[in-house]
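Descriptive analysis of the structure
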Amino acid sequence: MLKNYLRLFPVTAGLLAVSLFTACSEQPAEKPCEGDECEGTNGRVDEADTGTKDAGKKDAGAKDAGKAIVAVDAGQPSTAALVHLPCDVKAIVEKKCGSCHGSDPSAPMSLVTAADFQAASKNKQKMYATAKDKINATIPSEAMPPASAEALTNSEKTALNAWLTKGAPGSAVSSCGTTSGANDGGVAVDANVPWAPPSDEELECHKLLAHNGDGKTPMNVGVAEDVYYAYVFAAPWKETAYGTIIRSVIDNKKALHHWLLFQDLAAGIPGGAVPQIGAHPTGQLIAAWAPGADDMDFRKTGKEVALELPADTTYTVEFHYNSSDPAAKDASGVEICTAKRKPANIAAYSWVGQDNLGFPSTKWTGTCAPLSSEPIHIVSFMPHMHLKGIHMKGTVNRKDGTKEVVHDQPFDFNYQRSYAVDITLNPGDTITTECDYSAPSVFGQPTDQEMCYLFSMAYPKGALAAPDIWGTVAHGASSCLGQ
């Protein structure tokens with residue numbers, strides 16, 4: 001059967017080792033970089049500085065990340081070129097200061113470029129020193145923004161203070177993208193996330209987007225009949241982080257069939273786009289999107305749960321394109337908002353359902369029998385089929401012989417939503433997935449063939465699994481498929 005599976009997908013190969021992280025260089029504007037300061041400048045993750053002395057010197061939390069990533073431009077930008085605001089700072093300044101200190105200011109000075117912050121203020125000190133005094137002032141009449149305007153959040157003030165303390169260093173990058181996920185390429189920090197609900201802890205958000213091999217411009221998809229590409233990203237967090245919000249960033253719905261986000265079991269080489277066959281033996285599935293899918297906010301589960309995201313590995317986003325447009329481009333991907341505090345429960349996706357089907361049928365059924373000796377808590381389902389899929393049902397079979405229907409919904413390929421659930425599987429319980437199709441179908445990656453997955457987000461991580469040869473080769477250890 002494994003041979004049959006592999007015959008479905010001819011293996012194509014090739015690596016394009018390019019820089020994914022060219023969003024925001026932060027070298028000081030008053031002198032060229034020296035020694036370690038120059039390492040990885042053109043291939044760094046644009047990061048929210050926490051005020052540590054060496055926060056701008058390390059890339060993606062790995063000791064040699066600057067060496068592993070091939071820079072797009074090996075030359076060091078000249079001091080004169082470092083005139084723009086770093087991307088995270090720019091987002092804050094434009095939102096909270098731009099109405100008065102824009103390019104046509106109503107206030108005495110513009111605060112649009114790094115050069116503006118380097119200029120002398122009325123009190124003869126550098127403007128960045130004056131700005132730092134103003135945002136930290138305790139007397140309302142001296143504080144900025146003024147009381148009549150929207151105040152800085154704690155995270156915004158922290159980011160600005162860190163940048164101003166370093167002397168307001170400039171960036172050579174003139175375009176930074178937006179919080180809507182437009183073409184900021186590679187991994188970039190979202191310093192301003194108005195879509196995120198309030199939280200009792202600071203969240204840091206990063207986007208991993210498809211690009212054209214340069215970390216900046218959209219992927220040239222063109223005509224792509226069920227084509228898979230993988231992009232490998234270095235971890236943009238310096239230490240283990242905990243994924244709290246997973247948000248889809250969708251640029252071209254007409255070309256994109258779905259994306260999957262994997263935590264690599266061993267660190268790979270950052271780069272993309274690498275052709276794929278749709279098998280994932282070395283990755284832990286941690287997020288997914290298909291048309292109509294919802295974003296995931298673990299805070300809403302009320303279960304003290306998140307994804308555990310180590311810093312010493314890489315993360316792969318696999319894109320499935322199905323396009324008939326020669327001019328199609330795409331900059332879709334995923335935005336991950338992380339917290340530093342470890343929650344009580346660590347979750348992960350499992351492949352539940354059935355995919356070992358070589359004979360045409362209008363109904364497929366697969367039963368997952370987890371090997372875990374401890375209770376498993378499922379917090380969401382994401383059903384996935386293709387164009388012939390019409391209905392999916394999930395039933396928990398209790399060890400005592402009773403049955404509990406936990407999902408019973410029509411399926412629409414254009415509306416593949418997620419379902420919040422609160423289900424506990426005890427040792428000895430199983431879960432059966434039933435998929436119905438409008439016409440006889442066989443398993444396959446193409447859109448005109450079929451799948452039967454009830455993707456299940458559950459904790460403890462890895463507990464919802466019963467790996468065998470088939471599931472391990474296709475999806476790694478996080479599979480619990482009926483055969």
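Looking now at the overall build of the protein chain. On a plain count of helices and strands, the protein chain comes out with eight helices and 23 strands. For the protein chain, with 483 residues in total, the buried portion stands at 52%. A separation of at least 24 residues holds for 80% of the contacts in the protein chain among residues at least 6 apart in sequence. When the accessible area of the protein chain is evaluated, it comes to approximately 21,000 Å², of which 54% is carbon and sulfur surface.

This next bit is on unusual backbone geometry. The omega torsion of the bond from Met144 to Pro145 falls at -5°, within 30 degrees of zero and hence cis. The topology assignment puts Pro145 in the loop between helix H6 (127–135) and helix H7 (154–165). Not every positive phi belongs to a glycine, and Ala168 is a case in point at roughly 55°. Notably, Glu304 is not glycine yet its phi reads approximately 50°, a positive angle. Within the secondary structure, Glu304 sits in the loop between strand S9 (296–297) and strand S10 (305–309).

With that settled, the discussion passes to the sheet that holds strand S18 (residues 389–397). Strands sit in the order S16-S21-S18-S19 across an open sheet of four strands; the sheet is antiparallel. Two strands close off the open sheet at either side, each with one partner strand: strand S16 (361–368) and strand S19 (403–410). Ignoring which end each strand starts from, the neighbouring axes of this sheet average 15° apart. In the sheet, S18 pairs with strand S21 (residues 430–441) via eight bridges, with the strands oriented antiparallel. Along S21, the bridge assignment pairs His391 with Asp436.

This brings us to the nonpolar core. Among the nonpolar cores identified, the biggest contains 75 residues, and Trp259, Leu261, Tyr321 and Ile431 are the most heavily contacted of them. By residue number, the principal contributor to this core is strand S22 (residues 453–459), which donates six residues. Those residues in contact with Ile431 that lie beyond four places of it in its chain are Val352, Gly366, Thr367, Cys368, Phe381, Thr395, Val396, Asn397, Val406, Leu425 and Leu454. Formed by 17 residues, the second largest nonpolar core is a distinct cluster that contains Val93, Ala131, Ala159 and Leu164.

Next up on the list: the state of the cysteines. One pass over the structure, following the stated rule, counts three disulfides. With a sulfur-sulfur separation of 2.0 Å, Cys205 is cross-linked through a disulfide to Cys337. Taking the torsion about the S-S bond as the criterion, the Cys205 to Cys337 disulfide, at about 105°, is right-handed. You can see Cys205 sitting in strand S2 (residues 204–209) and its partner Cys337 sitting in strand S13 (residues 333–339), a full 132 residues away along the chain.

Now for the confidence of the model for the protein chain. For the protein chain, per-residue confidence averages 75 on the pLDDT scale, and residues scoring 70 or more make up 75% of the total. Segment residues 1–80: pLDDT under 50, and 183 contacts once partners within four positions in sequence are set aside and those in other chains are kept. Every residue in residues 177–186 scores below 50 in pLDDT, and together they form 36 contacts with partners more than four places removed in sequence or on other chains.

Moving on: the sheet that holds strand S8 (residues 283–289). Here we have five strands laid out as an open sheet, ordered S7-S4-S11-S6-S8, and antiparallel in their pairing. In this open sheet, the two edge strands, each paired with only one partner strand, are strand S7 (271–275) and S8. Within the sheet, the average angular offset between the axes of one strand and its neighbour, ignoring direction, is 25°.

What follows concerns the packing of helix H3 (residues 87–96) against H7. Packed helix pairs are characterised by how far apart their axes lie and by the angle those axes make with each other. Two elements in contact, H3 and H7, have axes separated by 10 Å at closest approach and are oriented at 115°. The interaxial crossing formed by H3 with H7 has left-handed handedness. Along its contact with H3, which presents Val89, Ile92, Val93, Lys95 and Lys96, the element H7 presents Glu156, Ala159, Leu160 and Trp163. For the contact of H3 with H7, the per-class residue count stands at six nonpolar, no polar and three charged.

Checked against the element boundaries, Glu450 lands in the loop between S21 and S22. Excluding residues that lie within four positions of it along the chain, Glu450 makes contacts with Trp364, Met385, His386, Leu387, Lys388, Gly389, Tyr437, Ser441, Val442, Phe443 and Gly444.

Going through the model one piece at a time under the given rule, you end up with ten salt bridges. Among the ionic pairs, Asp436 bridges to Lys363, the shortest N-O distance being 3.0 Å. Here the residue Asp436 occupies a position in strand S21, and Lys363 occupies one in strand S16, the gap between them amounting to 73 residues. With a closest N to O distance of 2.8 Å, Glu404 and Arg398 form a salt bridge. A residue is classified by how much of its surface remains accessible, and Glu404, at 35% relative accessible area, is partly exposed. Connected through shared salt-bridge partners, Lys363, Glu434 and Asp436 make up one network.

Calculation criteria
Residues numbered from 1 in each chain as written. Predicted model: local features only at pLDDT ≥ 70, side-chain atom pairs only at ≥ 80, totals over all residues. Heavy atoms only, no water. Helix = DSSP H or I, 4+ residues; strand = E, 2+ residues; numbered from the N terminus. Buried < 20%, exposed > 50% of the residue type's maximum accessible area, 1.4 Å probe, protein only. Contact = heavy atoms within 4.5 Å. Areas by Shrake-Rupley, 256 points an atom, 1.4 Å probe, with all protein chains shown as cover. Pairing = 2+ DSSP bridges. Axes fitted to C-alpha atoms, helices over the stretch in contact; angles between N-to-C directions. Core = buried A, V, L, I, M, F, W, Y, C linked by side-chain atoms within 4.5 Å. Disulfide = S-S within 2.5 Å. pLDDT = per-residue confidence, 0-100. Left-handed = near helix turned anticlockwise from the far one by under 90°. Nonpolar A, V, L, I, M, F, W, Y, C, P; charged D, E, K, R; others polar. Salt bridge = Lys/Arg side-chain N within 4 Å of Asp/Glu carboxyl O.

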